[in-house]
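A closer look at the structure
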Amino acid sequence: MNNKIEYFLNAVHYCMWLHEKKEGKFFQRISKFMAITLPKVFMSKNHKSLIDKRVKNSSKEYEDFYNNRKTGYYVYSANHWFGYIYTLYFMFLSFVALGCTLHFYGSISKLYLLLIVMIPIEIGYIPAYISVFSKDKYLEYFKKFEKEDERWYKKWRRITIVFCLGGIIVALSGIASAFAIMTLMD
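First, a word on what this report is: a plain description of the structure on this page.

The rules behind each value
Residues numbered from 1 in each chain as written. Predicted model: local features only at pLDDT ≥ 70, side-chain atom pairs only at ≥ 80, totals over all residues. Heavy atoms only, no water. Patch = residues over 30% accessible without salt bridge, like charges linked within 9 Å, V, L, I, M, F, W, Y side chains within 5 Å. Areas by Shrake-Rupley, 256 points an atom, 1.4 Å probe, with all protein chains shown as cover. Salt bridge = Lys/Arg side-chain N within 4 Å of Asp/Glu carboxyl O. Helix = DSSP H or I, 4+ residues; strand = E, 2+ residues; numbered from the N terminus. Buried < 20%, exposed > 50% of the residue type's maximum accessible area, 1.4 Å probe, protein only. Contact = heavy atoms within 4.5 Å. Core = buried A, V, L, I, M, F, W, Y, C linked by side-chain atoms within 4.5 Å.

Quick notes on a nonpolar patch on the surface
A surface patch of nonpolar side chains, about 810 Å² in accessible area, is lined by L111, Y112, L115, I119, I123, I126, Y129 and I130. When you line up the elements, I123 lands in helix 4 (residues 110-133). Judged by its relative accessible area of 54%, I123 falls in the exposed class.

Quick look at the environment of F163
Within the element layout of this structure, F163 appears in helix 6 (residues 150-184). A relative accessible area of 7% places F163 in the buried class. Sequence separation of F163 and Y62 is 101 residues, and the distance between their C-alpha atoms is 31 Å. Sequence-distant contacts of F163, that is, excluding residues within four places in its chain, are made with F8, V12, F82, I85, Y86 and Y89.

A few points about the environment of L50
Within the secondary structure, L50 sits in helix 2 (residues 45-67). Between the C-alpha atoms of L50 and V12, which are 38 residues apart in sequence, the distance is 43 Å.

As for the nonpolar core
Looking at soluble globular proteins, one finds that nonpolar side chains tend to be buried together. With 28 residues, the main nonpolar core has Y14, M16, W17, F82, Y138 and W152 as its most contacted residues. Counting only elements with at least two residues in this core, the list comes to helix 1 (2-42), helix 3 (73-105), helix 4, helix 5 (137-146) and helix 6. Setting aside residues no more than four positions away along its own chain, F82 makes contact with L9, V12, H13, M16, A128, V132, F133 and F163. Among the nonpolar cores identified, the runner-up in size contains six residues, and F95, L98, I121 and A178 belong to it.

What to know about unusual backbone geometry
For residues besides glycine, phi is generally negative; the peptide bonds are generally trans as well. One non-glycine residue with positive phi stands out, namely K135, at about 55°. Its location among the elements puts K135 in the loop between helix 4 and helix 5. Residue class for K135 comes out exposed when judged on its relative accessible area of 77%. In this structure, D136 is a non-glycine residue whose phi angle is positive, near 50°. Examined against the element boundaries, D136 turns out to sit in the loop between helix 4 and helix 5.

And the structure:
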């Protein structure tokens, strides 16, 4: 069972990384086009050749900055989006606990409010951290997922979209539940 959860979380993370890469490459093409085209229109030949050389020389550095699987921008962005979406599921528990606490005790201090919200999220994040980020496990899975066929990618892209939308729906349901608990339970 644990391997299935680990596989699922890593597959979702991988698809988020692929999305970040695809989106980033689109914006890179636009900025590269502008960096090459604008100088040709507005600058002298000397400046044009200088810019062409700089673009060619810096392409390896940019490639590593964006695509490095351990420290690159795309994996950094995917890590954060994955973490944000994953924690949305545990926000449901946080909001329900907050709604119950406010219903029974009225107002509470900001510290207690923060603890009530953060504890379920932090405890819930532990399995994702262990399954994906601990000892960079996602790198092993990335190698495995690269060998998959197009059908696998299509399936997991859809699952990732449902995972992301589900997190948003669950978090909003938690907010609605908290308000319902605070106001309707009398």
